[in-house]
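# A structural walkthrough
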Amino acid sequence: MALSAPGTSLSRCNIKLESFLKRNTERAVYERIRAYEPCVVVSDTVKRVYMHAVLSDERVYLTEFPPRTLTPAVSYRCVRDIQLINDFPEFLSGKHRERCQHIRVTYIRERTLEKSLQQRDIRRDGLPALRSTATHGVNGYPAPRSLLDGSTDEVQMLKTKRSASCPNPETLGLPKVPHPPSYPRSATPSVFSSSAPSSPPDLRMNFSDPNQRRVGSVLTRLLRRDRVSSGEEKEAELHLYTVSPRSRLYLHLQSAWNSYIIRSTLILDPLYRQRCRPLTHSTLAGISWEKTTCLFNQLSSELLQAGNNVESFYLLLQELKTAAHRDVMLRRLFWRSGEVCVFLVQFLDESLLSCRSVSVYTADQLLLGTLIVQTLAVMFRDTDFEPARLNLLSADRGALASRMLLSLICDPELQIKKQADITDCQLQDLLAEYLDASCSLLFELLLLGNEASKCSSVENFLSVGWILRVLQQDPNLLPYISYQAQQVVLCLSELHDSPLTPLQSVLLFQRCRLLLACLQHDTQLAQHLHHHFREEFRFAVKPSCVEEKLPPHFPISRPMVHLVEQILNHILHQ
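Residues numbered from 1 in each chain as written. Predicted model: local features only at pLDDT ≥ 70, side-chain atom pairs only at ≥ 80, totals over all residues. Heavy atoms only, no water.

## Describing unusual backbone geometry
The omega angle of the peptide bond from Phe 65 to Pro 66 is 0°, so this bond is cis rather than trans. Mapped onto the fold, Pro 66 is located in the loop between β3 (59-63) and β4 (70-75). Positive phi values are uncommon outside glycine, yet Asp 382 reaches one of about 60°. Relative to the elements of secondary structure, Asp 382 occurs in the loop between α14 (363-380) and α15 (387-408). Assessed through its relative accessible area of 14%, Asp 382 is described here as buried. (Helix = DSSP H or I, 4+ residues; strand = E, 2+ residues; numbered from the N terminus. Buried < 20%, exposed > 50% of the residue type's maximum accessible area, 1.4 Å probe, protein only.)

Structural data, given as structure tokens:
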């Protein structure tokens, strides 16, 4: 995401590239750029070229060094895996070879994936599905016409000098690759062109002859039809070699991919899409950063105002949550100010602390606590590159983060004070909703910890191990983890017949990530899960169960299968 206000992220520090992106992309696209980094690119059509990888919330772009064109490389919906390869590139030498990070992105070619999806829908429903990403975007997200959406204005030329913040590509031992000539916009070639290399003259057809041109078009259609009928998904690879000793490109890629998987799955739910749809391009264009700041400050002052009753506080918090769903700029302001975050964590801790001492909650406390936890979880989404978030959570050796973590855990068997107008079933639903919300927020904190675990910075101590050690202080941790494991087993067992909804699928993914973190980073929790749930996972949880319960068109389905395989490997074989 771009920064149109002071406080630029550490992953957005190249002034010339920033200026290029800001001048040559529409605001709706510019605001969705998360990070960029220089690297050596290797793919089917790019061979060891020093470029910038630009990450948005939907795809990876590539631009030359210095920037002249911006070309879409990989859409996250086509990604199958992102791995960090432990090797030493032969084409680099010296210190660059030793500190290089090799990232391999395995993906399905977008056109092949699109045809495969259409063919699958025809087989399932008997009717072809309309999947026009050119006008409707990906998974319901608006796709404004811009430089990054493949329109005729996709490629822009600029006359810029090399940025001083990046090394000279000539020092990497790479061949000097000249810039492409300045074609007219309608004829500008793409870096990832689908055209094949030129053949020798004697093997090329002379398409100046209309008869041969007709034969060529017929052959093309026949080949295309054969590929569609076979339904084969052709994999491709994009290799990114970072040469910076403090590179975080791999972490940014993983974070962007996870966010896209969750967001694009949730948006498939009609109710979620109606309530929490992002701002459209036309709406976003009319809202300036200053106006958003003014609105956030006004809402914050009303929330922090002393004397608010429970009902007014609940309504204000609901308004903040809805606005944060739709505007990522507001989420960044939430972390920059810090006051509202501290207030919500303090309110959650103090209001539920007295209840924990006697293990009795009221319905109002659970309802309000659930909304606070849901609001905090929303604020974490797509803000991992906001420096203010890490600064706030790591201040005073993680005092606020520790308080937030300990406020989440509660006993799944706690007593709820009976009220005249609420049934026992409704009370249990309130408790289950809170446990679901707390798992979602804990998942976001674990993502933060996962980034810190793979980062060599001494200041960033909020690792997954640190998070689990903090949670060990709560006596209700083991019952809480057991509840989350039971929900995974019930969700994937034969007792749950119907396919999962998008919201249920995302919650299952978050629960599985929580269990995997416990199995990988905490010996006590791993032993607890192994002792109490080994047999249940052996007989009730299988990767085939995931494929049956999650519709194949859910973006989260394939990563979910891989996640369940990892959990089973730890519980059954270790």
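## Here's the deal with empty space enclosed by the protein
For the structure on display, the rule yields 2 cavities of 30 Å³ or more. The space that makes up the second largest cavity amounts to roughly 30 Å³. For the second largest cavity, the full set of lining residues is Leu 393, Ala 401, Leu 405, Leu 445, Leu 448, Leu 462, Trp 466 and Ile 467. Listing elements by their share of the lining of the second largest cavity, those giving two or more residues are α15, α16 (424-453) and α17 (464-471). Top element by residues in the lining of the second largest cavity is α15. It accounts for 3 residues. A per-class count over the lining of the second largest cavity returns 8 nonpolar, no polar and no charged. (1 Å grid on protein atoms, 1.4 Å probe; cavity = no way out; pocket = protein on both sides within 12 Å on 5 of 7 lines; lining within 4 Å. Points joined across faces, edges and corners; volume = space filled by probe spheres on them. Nonpolar A, V, L, I, M, F, W, Y, C, P; charged D, E, K, R; others polar.)

## Some remarks on the packing of aromatic side chains
Throughout the structure, instances matching the rule amount to 9 aromatic pairs. For the pair Phe 313 and Phe 343, a centre-to-centre distance of 5.9 Å together with 75° between the ring planes defines the contact as edge-to-face. Of this pair, Phe 313 sits in helix α11 (residues 310-326) while Phe 343 is found in helix α13 (residues 339-358), placing the two residues 30 residues apart along the sequence. You can call Phe 313 buried: its relative accessible area is 3%. Here Phe 334 and Trp 335 contribute two aromatic rings whose centre-to-centre distance is 5.2 Å and whose plane-to-plane angle is 85°, an arrangement assigned as edge-to-face. Using a relative accessible area of 0% as the deciding quantity, one classes Phe 334 as buried. An aromatic cluster is present here, built from Phe 313, Phe 343 and Phe 347 joined pairwise through their rings. (Phe/Tyr/Trp six-rings, centres within 6.5 Å; stacked < 30°, edge-to-face > 60°.)

## Remarks on the sheet that holds β3
Spatially, the 7 strands line up as an open sheet ordered β4-β3-β2-β1-β7-β6-β5, and their pairing is antiparallel. Two strands close off the open sheet at either side, each with one partner strand: β4 and β5 (79-85). When strand polarity is set aside, the average angle formed by the axes of neighbouring strands in this sheet is 35°. Of the strands in this sheet, β1 (33-42), β2 (47-56), β3 and β4 are in contact with helix α1 (residues 15-24), which crosses β1 at around 115°. (Pairing = 2+ DSSP bridges. Axes fitted to C-alpha atoms, helices over the stretch in contact; angles between N-to-C directions. Contact = heavy atoms within 4.5 Å.)

## Details of the nonpolar core
With 137 residues, the main nonpolar core has Leu 253 and Phe 537 as its most contacted residues. Among the elements that line this core, the one with the most residues is α16, at 13 residues. With residues up to four places along the chain from it excluded, the contact list for Phe 537 reads Ala 485, Val 488, Val 489, Leu 515, Ile 567, Leu 568 and Ile 571. (Core = buried A, V, L, I, M, F, W, Y, C linked by side-chain atoms within 4.5 Å.)

## With respect to α14
Along its 18 residues, α14 runs 26 Å from first to last C-alpha, staying within 8% of the 26 Å computed at 1.5 Å per residue. In terms of residue burial, α14 counts as a mostly covered element, since 14 of its 18 residues are buried. Just beyond α14, the residue with positive phi is Asp 382, at close to 60°. (Expected span 1.5 Å × (residues − 1).)

## Concerning the side chain of Ser 247
One can find Ser 247 in the loop between β7 (235-242) and α7 (249-266). Judged by its relative accessible area of 8%, Ser 247 is buried. A distance of 2.4 Å separates a polar atom in the side chain of Ser 247 from a polar atom in the side chain of Glu 37. The contact partners of Ser 247, leaving out residues within four places of it in the chain, are Glu 37, Gln 101 and Thr 242. (Polar contact = N/O pair within 3.5 Å; in protein donor to acceptor, adjacent residues only side chain to side chain.)

## Things to note about the side chain of Thr 242
As for its position among the elements, Thr 242 is in strand β7. On the accessibility criterion, Thr 242 (0% relative accessible area) is buried. Side-chain polar atoms of Thr 242 contact the side chain of Ser 247, separated by 3.3 Å. For Thr 242, the contacting residues outside a window of four places in its chain are Glu 37, Pro 38, Cys 39, Arg 99, Cys 100, Gln 101, Ile 103, Ser 247 and Leu 249.

## A look at a negative patch on the surface
On the surface, Glu 494, Asp 497, Glu 547, Glu 548 and Glu 565 cluster together to form a negatively charged patch. Considering the arrangement of structural elements, one finds Glu 547 in helix α21 (residues 543-549). (Patch = residues over 30% accessible without salt bridge, like charges linked within 9 Å, V, L, I, M, F, W, Y side chains within 5 Å. Areas by Shrake-Rupley, 256 points an atom, 1.4 Å probe, with all protein chains shown as cover. Salt bridge = Lys/Arg side-chain N within 4 Å of Asp/Glu carboxyl O. Lys, Arg positive; Asp, Glu negative; His and termini not counted. Charge placed at Lys NZ, Arg CZ, Asp CG, Glu CD.)

## What about the environment of Pro 72?
Turning to its location among the elements, Pro 72 is positioned in strand β4. Take Pro 72: its relative accessible area is 21%, and that puts it in the partly exposed class. Taking the C-alpha atoms as reference points, Pro 72 and Ala 53, 19 residues apart in sequence, are found 9.9 Å from one another.

## Some details on the environment of Tyr 250
Structurally, Tyr 250 can be placed in helix α7. Spatially, the C-alpha atom of Tyr 250 lies 8.2 Å from that of Gln 83, the residues being 167 residues apart in sequence.

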